[in-house]
Amino acid sequence: MSADPSPPAVLVRGLVKRYGDVTALDGLDLHVPRGACFGLLGPNGAGKTTAIHILCTLANPTQGLARVLGYDVTRDRAAVRARLGLVFQEASLDRELSARENLDIHARLYHLPDRRRRVEEMLALVDLAADAGRPVRHFSGGMKRRLEIARGLLHAPDVLFLDEPTLGLDIRARRAIWDHLRKIRAGRDLTIVLTTHYLEEADALCDEVAIIDRGRIAACGAPEALKSALGGDVVAIAMDRPEGAEMALRRVEGVSRVTREGDTARVTVAEGARRIPALLDAARPFGIREVHLHRPSLEEVFLRHTGHAFESGAAGGDGSREGAA
Amino acid sequence: MRFLEDLWTIALREFLRYRRDRAYVLGQILVPILVVGFIGFGLNPVVAIPGGGTDYLGWLSTGFLVLMLSSGAIGGGFTLIQDREAGFLRAILVAPVSRASIVLGKILSRIAMSVLLVAVLVAIFLPFTPIRLFHPLVSLVALGGLSFAFVSFGVLLATRLRALESYRLIAGLVTVPLYLTSGIFFPVKTMPAALRGLAHANPVTYGVDLFRYGLTGVHELPLPLDATIVLALGALLTVLAVASFDRRSRD
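Residues numbered from 1 in each chain as written. Chains lettered and ligands numbered in written order. Predicted model: local features only at pLDDT ≥ 70, side-chain atom pairs only at ≥ 80, totals over all residues. Heavy atoms only, no water.

## Thoughts on the overall build of chain B
Okay, so step 1: Within chain B, the regular secondary structure consists of 10 helices and 0 strands.
Okay, so step 2: Reading the secondary structure of chain B in the N-to-C direction produces α-α-α-α-α-α-α-α-α-α.
Okay, so step 3: Its C-alpha atoms give chain B a radius of gyration of 18 Å, near enough to 18 Å, the size a compact globule of 251 residues would have.
Okay, so step 4: The buried share among the 251 residues of chain B stands at 54%.
Okay, so step 5: Expressed as a percentage of contacts within chain B between residues at least 6 apart in sequence, the contacts between residues at least 24 apart total 78%.
Okay, so step 6: For chain B, the accessible area works out to roughly 10400 Å², and carbon and sulfur atoms hold 75% of it.
Okay, so step 7: Looking at chain B, you have 21 positive and 13 negative side-chain charges, and the mean spots of the two groups are 3 Å apart. (Helix = DSSP H or I, 4+ residues; strand = E, 2+ residues; numbered from the N terminus. Rg over C-alpha atoms; globule rule 2.2 N^0.38 Å. Buried < 20%, exposed > 50% of the residue type's maximum accessible area, 1.4 Å probe, protein only. Contact = heavy atoms within 4.5 Å. Areas by Shrake-Rupley, 256 points an atom, 1.4 Å probe, with all protein chains shown as cover. Lys, Arg positive; Asp, Glu negative; His and termini not counted. Charge placed at Lys NZ, Arg CZ, Asp CG, Glu CD.)

## Some words on the interface of chain B and chain A
Okay, so step 1: On the side of chain A, 33 residues touch chain B, which itself brings 32 residues to the contact.
Okay, so step 2: Taken together, chain B and chain A are joined by 5 salt bridges.
Okay, so step 3: One salt bridge in this structure joins Asp94(A) and Arg13(B), with 2.5 Å as the shortest N-O distance.
Okay, so step 4: For the interface between chain B and chain A, the tally reads 8 residue pairs in polar contact (both at pLDDT 80 or more).
Okay, so step 5: Elements that contribute at least two residues to the side of chain B that touches chain A include exactly helix H1 (2-20), helix H3 (56-86), helix H4 (88-93) and helix H10 (223-248) of chain B.
Okay, so step 6: Among the elements that take part in the side of chain B that touches chain A, H1(B) stands out by supplying 12 residues, more than any other. (Salt bridge = Lys/Arg side-chain N within 4 Å of Asp/Glu carboxyl O. Polar contact = N/O pair within 3.5 Å; in protein donor to acceptor, adjacent residues only side chain to side chain.)

## Digging into the sheet that holds strand S4 (residues 63-68) of chain A
Adjacent strands of a sheet pair through backbone hydrogen bonds, lying either parallel or antiparallel.
Residue and element names in this part refer to chain A.
Okay, so step 1: Strand order in the open sheet made by the 4 strands is S2-S1-S4-S5, with antiparallel pairing throughout. On the outer flanks of this sheet lie strand S2 (22-32) and strand S5 (71-72), each paired with one strand and no other.
Okay, so step 2: The pairing of S4 with S5 spans 2 bridges and is antiparallel. The partner of arginine 67 across the bridge, within S5, is aspartate 72.
Okay, so step 3: Of the strands in this sheet, strand S1 (10-19), S2 and S4 touch helix H1 (residues 48-55), which is tilted by about 115 degrees from S1. (Pairing = 2+ DSSP bridges. Axes fitted to C-alpha atoms, helices over the stretch in contact; angles between N-to-C directions.)

## With respect to the packing of aromatic side chains
Residues and elements named next belong to chain B.
Okay, so step 1: Throughout the structure, instances matching the rule amount to 5 aromatic pairs over all chains.
Okay, so step 2: Ring geometry for tryptophan 8 versus phenylalanine 15: centroids 6.1 Å apart, planes at 50 degrees, classification tilted.
Okay, so step 3: Classification of tryptophan 8 as partly exposed rests on a relative accessible area of 44%.
Okay, so step 4: With a relative accessible area of 26%, phenylalanine 15 lands in the partly exposed category.
Okay, so step 5: Between arginine 212 and the ring centre of tryptophan 59, over which it is positioned, the NZ or CZ distance is 3.6 Å. (Phe/Tyr/Trp six-rings, centres within 6.5 Å; stacked < 30°, edge-to-face > 60°. Lys NZ or Arg CZ within 6 Å of the ring centre and 35° of its normal.)

## What about the environment of Ala222(A)?
All names here are of chain A.
Okay, so step 1: Here alanine 222 shows up in the loop between strand S10 (216-221) and helix H8 (223-228).
Okay, so step 2: A residue is classified by how much of its surface remains accessible, and alanine 222, at 30% relative accessible area, is partly exposed.
Okay, so step 3: Distance from alanine 222 to alanine 210, taken between C-alpha atoms, is 8.7 Å for residues 12 residues apart in sequence.
Okay, so step 4: Once residues within four sequence positions are removed from consideration, alanine 222 is found in contact with Asp207 and Glu208.

## Some remarks on helix H2 (residues 22-43) of chain B
Okay, so step 1: Given a rise of 1.5 Å per residue, 22 residues ought to cover 32 Å, and the 31 Å separating the end C-alpha atoms of H2(B) matches this to within 8%.
Okay, so step 2: Considering only its buried residues, H2(B) is in contact with H1, H3 and helix H5 (99-125) of chain B. (Expected span 1.5 Å × (residues − 1).)

## Description of a positive patch on the surface
Residue and element names in this part refer to chain B.
Okay, so step 1: Taken together, the side chains of Arg160, Arg162, Arg247 and Arg248 define a basic patch exposed on the protein surface.
Okay, so step 2: With respect to the helices, strands and loops of the structure, arginine 162 is situated in the loop between helix H6 (136-160) and helix H7 (164-180).
Okay, so step 3: On the basis of relative accessible area, arginine 162 is assigned to the partly exposed category, the value being 46%. (Patch = residues over 30% accessible without salt bridge, like charges linked within 9 Å, V, L, I, M, F, W, Y side chains within 5 Å.)

## A short note on a nonpolar patch on the surface
Okay, so step 1: Residues Leu26(B), Leu30(B), Leu34(B), Phe38(B), Ile39(B), Leu43(B) and Val46(B) make up a contiguous nonpolar surface patch of roughly 700 Å² in combined accessible area.
Okay, so step 2: Among the structural elements, Phe38(B) can be located in helix H2.

## Quick notes on the packing of H1(B) against H3(B)
Packed helix pairs are characterised by how far apart their axes lie and by the angle those axes make with each other.
Residue and element names in this part refer to chain B.
Okay, so step 1: Contact geometry of H1 with H3 gives a least axis separation of 13 Å together with a crossing angle of 95 degrees. Considering their axes alone, H1 and H3 lie roughly perpendicular with respect to each other. Side by side, H1 and H3 meet where Arg13, Glu14 and Arg17 of the first sit next to Thr79, Gln82 and Asp83 of the second.
Okay, so step 2: Tallied by class, the residues present in the contact of H1 with H3 amount to no nonpolar, 2 polar and 4 charged. (Parallel < 35°, antiparallel > 145°, perpendicular 65-115°, else oblique. Nonpolar A, V, L, I, M, F, W, Y, C, P; charged D, E, K, R; others polar.)

## What to know about the side chain of Ser98(A)
Okay, so step 1: Looking at where Ser98(A) falls in the secondary structure, it is placed in the loop between strand S6 (84-87) and helix H3 (99-109).
Okay, so step 2: In this structure, Ser98(A) is in contact with Ala132(A), Gly133(A), Arg134(A), Pro135(A), Val136(A) and Arg20(B), ignoring residues within four places of it in sequence.

## Some points on the confidence of the model for chain B
The predicted coordinates ought not to be read in detail in places where the model reports low pLDDT.
Residues and elements named next belong to chain B.
Okay, so step 1: Here chain B shows a mean pLDDT of 91. Residues at 70 or above account for 99%.
Okay, so step 2: No element of chain B has a lower mean pLDDT than H4, which averages 87, and none a higher one than helix H9 (residues 203-216), which averages 96.
Okay, so step 3: Under the prediction, the complex receives an ipTM of 0.84, its pTM being 0.78. (pLDDT = per-residue confidence, 0-100.)

## With respect to the pattern of salt bridges
Okay, so step 1: Taken as a whole and assessed by the stated rule, the structure comprises 29 salt bridges over all chains.
Okay, so step 2: Of the charged contacts in the structure, one is a salt bridge between Asp72(A) and Arg75(A), with a shortest N-O distance of 3.6 Å.
Okay, so step 3: For Asp72(A), a relative accessible area of 8% corresponds to the buried category.
Okay, so step 4: Measuring nitrogen to oxygen at the nearest pair gives 2.9 Å for the salt bridge that ties Asp104(A) to Arg108(A). Taken as a pair, Asp104(A) and Arg108(A) lie in helix H3 at a separation of 4 residues, close to a single helical turn.
Okay, so step 5: On the basis of relative accessible area, Asp104(A) is assigned to the buried category, the value being 18%.
Okay, so step 6: A single salt-bridge network, built from bridges that share partners, covers Asp94(A), Arg13(B), Glu14(B), Arg17(B), Asp83(B) and Lys106(B).

Rendered as structure tokens:
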């Protein structure tokens, strides 16, 4: 079915989705290599959920191409569905059934061999073995999320989509989910595609992020590379006798800019952490008092590429739009 | 084969939920016992069924079983909306399972539960009412046709409505007139002309007549006509429900 012998996990070209006169996706392009942990980062309403729904065959694109592992999401629906796992933004468990029953029903729907063993294995993986017999309606938010992740992984998918995996969780539960996701990735040939509007989440989990704004990609790359593209880190050095320090600092490898305000020199440098020893050597004759390393955040990356601050949100489609039925 | 397995999985989940919902199960058994017990025994000495064959108790108890069956069956659509609201439906839709097996699993599990309920109630009613196992298979045919029709109608409604409240309202608005003009509570023959016209236009009337015949031997309408209408209605609505779900489960 797929001509390419080793297609990327996700390939999207010029994807457009309109709901009536609302444009949720406006020419989206994505390329997610296999085995990556890929983050779709954007404010609420940027089109992240719509993109996930199309990739998971829950919505039809208005225009454009979308492939998962080389299979077209509109034509090879069944092949796509069999290979993906999905953790929804909103709860999608049967609250009246126990955790074990939820997984069992899911295992049956995917016709998994050795159902019992896999269910128990997944329950253990997300630390829910002790609560497996309780109805899900008694679970906390974090427990439900973990169960959803276990369900998404039950059929050993090649690609796991997570739509806002930690939305609405407190910081402890969020970190627990991150730990579980890292644990799950280790030792598995699994591609993870997650959407998030938490910048620190993308930073903590993803090897590659795409910044999505108003239905299109504003920037894409490894979080570190995106941040360095802003011109790198800033090392601020306060000195006792700063006169003439700029000249010396400019000669250090990697430095692109030096400014001085009072007794503090601000050095813009790629890979600031690695350059600190050389910078200190250069600044030592001037009497170093304090050193600060400031690394640009993804928030600054977002601002640079979209021209507006992250939380101000975006126009365009409502990201939480659901498929019908 | 895969299709049947998927169908069974969907049904299995319904059974697991049903088993947990003790209040609902108890209500479904107690309500008909109370209604038939009080109204049936209360009106039995007052009301005579023209043409004979059965008394009012036999009339009402058979009719009310159809009402219980139908209202239980139409709940299938209700659970579909619940599943959608709880988000569970999306989890099923993204699984490699055909849309048809999802709807048919819903429909068949509802029918199985409805038929089981009616069987239990018939067993309870047998010693106290004129109900007898005259042609139980005929009643089963009526049950099957009506269940398919009502569950499918519920599913059709559920694919078009978003909110549980509007589902309840519309289901009530449609079913109450259907129940009242279908010969569940009183015979069609003795209805005023206008009402009788409605009764003849109401497909449920034929199902009630067929069901009652199987458990009492009494009927008001030609039996082949009863059977034809009930089965045709069940088949038609089921096809429409499957098609509608398939279409509306994607945007």
